[in-house]
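# Secondary and tertiary structure notes
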Amino acid sequence: MSSLPSPSSSWWQWLGRFQRGRRQYQRPSGECSEGGGNGSDHKHKNNNSPTFHDNNDNDNDNDNDNDVDTVTSIRRPHGGRSSIKSDATASSFSSASQMGRDDVDGDNDDDIIFPVSRATYIYAMCAALNSVNLGYDLGVSTNVGPMVRQAFDLSIGELELFLGSLNFWSIFGALLSPLLSDRWGRRTTLRVAALGFVLGVAVMSTAPNFGLLMVGRTIVGLGVGLGEAIDPMYIAEIAPAHVRGELVSWAEAGVAIGVVLGFASSLLGVEWRCMLALGAVLPCAMMYLATFVLPESPRWLVAKEQTAAARRILQTIYPAHRVDGVITEIADSLALERAASHVVGWEFLFHPSPAIGRMLLVGIGIAIIQQAVGIDSIMFYLMFVLQNSGIKTDLGQDLSLIALGTVKLLFVFVGGRLLDCFGRRPLLFVSLLGMAASCVVVSFTFTSQTASMKVLTIAALAAYLAFFSVGLGPGNWVVVSEVFATSIRAKAMMLAVLPNRITSTIMASTFLTVARALTWPGFFLLLAGICSASCLFLFVYLPETKGKSLEDMARFFAEIMGDRTILDVEERIRRERMEEQLRQQQQQNVNHHHHHHPSEVELGLPESIRSRYTDDSSSLGLDDKNNEDNDKESTDDDDEVAKPKGTLT
């Protein structure tokens, strides 16, 4: 472990040394321990550090000055699909939107460990700031709910509509996200999401009546849906594969940090309108960062055939000698997605074969379970739970909220690591059974309002949040991403997301009504029963997905259901992919024969040898040279989209 930074050392330098030292040893599959050398013993010159510069200064765009001197190459002892495994830390629905893309941006890079550039950390940190916006809105809603009810004299149903509508409108924001991000880019979508927060918060904080309050809530909900979808997607596309899991987890950590900030807003002693208005501060900062700091996603640029712009951005993230390979891998991934979309239509999911039906049962089932256990609704109504448990003072309620939010934040960082150590099934079973036991204890504490019972209530709620964060939170979307075969993955993920959000909306919109009908002890016993039944469902239907490739999972479901349909579909996709590659190669050869002019090097060769090189001029590096010239010609066109006015290189 690297030592703590001295007063004279740069925090970024220390962070880089820590990350390199921690990765000197990569554990084999199935091992939990992680040790290894001290990366601080090696000195690296890393010119990938970002600097601000004007867009007109493009003289050195294609230089290799930003090379990263790599650590001695370390190959992982196991192959694995760490791009899937790395997403384990993303427990929110936003992660699902990008899980269908976890095979992007150079999965093969996961086999080689190299120092992470400062620019990569800054890009991920800025994108994760948008997740803090999401978390703040969730946390502040818990605080202002009772105040809003009193200010507008709302009924229980109207309060539930106010709080639960956020999840409902986030569905439509998430559905808009791929349309905006694919057409206009990831940076533009980040700006639109932040703008939605600013406008929605402005309307809510100035609303004179309940109707306008709901208009503002609708706008914020659309922003939440956009932000939940785009944040982890952007980080996943900007991050190298060997740190993708860590950096994507920053989005989930950002949500947890925002929740704590929202809980703490009540300590300021201001009225509810000011507490809501504070939610516009971070979105304004996000719009600035998305305009002047964050670059466009290299994946989006490659999809739009802006390869030169993508190369310049990737040079701030990867060692220069690896950039071309990463671009090739992105292009291959995009081609595979196109092949899958041609072969597999929605009819495969709406009229599934037995094997595909079993996949959908497991994937959609666990997506519903994540919200059926009541996590979002409990977070929204924590203030009511604490009040009814006997904690009556404002300070006691505020401190309890902050303590519970902090517990959830801390265990966010634990969940993903435990999933990789112990597997998906054991952690999910422990998580659900632990949540069930916690709900039983909370139910018991409502029978008395003594001081000891109040402490026990907070402890049991903290245990509930902790058990969720170590299992069902991160495990939900990682299992969903692993259980669907490649051919149906993107569409199946969307089918899993919608019932997840709908279940969350129903739970949040009926929480107080059901609690009043069943009493608080009865309500938490109901949640305990749901957790137990969910554990039984997963015990029967969920296979262990740890260490399994997508092909392994397709074969598993085909064997247990006696149905080879999914395997035949996968084979068709592979054939179409190979045919597309062959057509592209033939077109390149045709273009090459039409436009090839022998160079001085070729003219100096014997005719027999020159004819061989003419068929494949790349042997002399001629194609690379031509490609570089073409890239330089397209530089000016790409700069407008790829870079903000002041960017990081």
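Everything that follows concerns the structure shown earlier in this document.
Notes on the structure in this doc start here.

The rules behind each value
- Residues numbered from 1 in each chain as written.
- Predicted model: local features only at pLDDT ≥ 70, side-chain atom pairs only at ≥ 80, totals over all residues.
- Heavy atoms only, no water.
- Phe/Tyr/Trp six-rings, centres within 6.5 Å; stacked < 30°, edge-to-face > 60°.
- Helix = DSSP H or I, 4+ residues; strand = E, 2+ residues; numbered from the N terminus.
- Buried < 20%, exposed > 50% of the residue type's maximum accessible area, 1.4 Å probe, protein only.
- Axes fitted to C-alpha atoms, helices over the stretch in contact; angles between N-to-C directions.
- Nonpolar A, V, L, I, M, F, W, Y, C, P; charged D, E, K, R; others polar.
- Core = buried A, V, L, I, M, F, W, Y, C linked by side-chain atoms within 4.5 Å.
- Contact = heavy atoms within 4.5 Å.

So, on to the packing of aromatic side chains. Considering all chains together, one arrives at 19 aromatic pairs under this definition. An angle of 70 degrees between the planes, with centres 5.3 Å apart, marks the rings of phenylalanine 168 and phenylalanine 172 as edge-to-face. Residue phenylalanine 168 and its partner phenylalanine 172 are both found in helix α5 (residues 156-184); the two are separated by four residues, about one turn of the helix. What makes phenylalanine 168 partly exposed here is its relative accessible area of 35%. Judged by centre distance (4.7 Å) and plane angle (70 degrees), the ring pair of phenylalanine 511 and phenylalanine 523 falls under edge-to-face.

Attention shifts here to the packing of helix α15 (residues 354-372) against helix α21 (residues 489-541). Two numbers describe how α15 lies on α21: the axes approach to 3 Å, and their chain directions differ by 35 degrees. Classifying every residue of the contact of α15 with α21 by side-chain character gives 20 nonpolar, eight polar and two charged.

The next subject is the nonpolar core. Counting residues in hydrophobic clusters, the biggest one holds 109 residues, and the most contacted among them are Phe162, Leu213, Phe484, Ile488, Trp520, Phe524 and Ile566. The element best represented in this core is α21, accounting for 18 residues. With near-sequence residues (within four places) excluded, leucine 213 lies in contact with Val148, Phe152, Phe162, Met204, Ala207 and Trp272. Core analysis: the second largest hydrophobic core is formed by 42 residues, Ala119, Leu190, Ile238 and Ile330 among them.

This part is about unusual backbone geometry. One non-glycine residue with positive phi stands out, namely aspartate 153, at about 50 degrees. With respect to the helices and strands, the residue aspartate 153 is situated in the loop between α4 (118-152) and α5. Aspartate 153 sits in the exposed class, given a relative accessible area of 67%.

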